[in-house]
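In case you want the letters, here they are:
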Amino acid sequence: MVQRNVCRNCRILVKGNACPLCRGNDLTTTWAGVAVIYDPAGSQIAKEMGVEAKGTFALRVR
Ligand SMILES: [Zn+2]
């Protein structure tokens, strides 16, 4: 299984070489856990993570 890139700024899983949210390329493959956010405004997990967008996010990023 290939470890996907995660943006260090947003913690979102990134398919290419640039983050779709911040357009940055500060990516890492050192992360653990996944949270899928469907409703950022109503999600407790999203609030705790400071996430304001839909998507698949890593729970821990180093
Ligand atoms: Zn980002």
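Our structure is the block above this text.
Computed from a predicted structure; not experimentally measured.

Definitions and limits used
Residues numbered from 1 in each chain as written. Predicted model: local features only at pLDDT ≥ 70, side-chain atom pairs only at ≥ 80, totals over all residues. Helix = DSSP H or I, 4+ residues; strand = E, 2+ residues; numbered from the N terminus. Buried ≥ 20, exposed ≤ 12 C-beta atoms within 10 Å, placed from the backbone. Contact = placed C-beta atoms within 7 Å. Core = buried A, V, L, I, M, F, W, Y, C linked by C-beta atoms within 7 Å. Pairing = 2+ DSSP bridges.

(A) A look at the overall build of the chain. Regarding its fold elements, the chain presents 1 helix and 5 strands. Over its C-alpha atoms, taken along the principal directions, the chain stretches across nearly 30 × 25 × 20 Å. Expressed as a percentage of its 62 residues, the buried residues of the chain come to 19%. Put simply, of all contacts in the chain between residues at least 6 apart along the chain, 40% involve residues at least 24 apart.

(B) Representation of the nonpolar core in the model. Within the largest apolar cluster, 9 residues are counted, these being V6, C7, C10, I12, V14, C19, W31, F57 and A58. For this core, the elements supplying multiple residues, two or more each, are β1 (5–7) and β5 (55–61). Beyond its immediate sequence surroundings of up to four residues, C10 is in contact with C19, L21 and C22.

(C) Molecular detail of the sheet that holds strand β2 (residues 13–14). The strand order across the open sheet formed by 3 strands is β2-β1-β3, and the pairing between neighbours is antiparallel. Edge positions in the sheet fall to β2 and β3 (27–28), since each of these pairs with one other strand and no more.

(D) Here's a closer look at the environment of D39. Of note, D39 is situated in the loop between β4 (31–37) and α1 (44–49). Residue classification places D39 among the exposed positions, given that 8 C-beta atoms sit within 10 Å. Considering only alpha carbons, one finds D39 and V51, 12 residues apart in sequence, at a separation of 10 Å.

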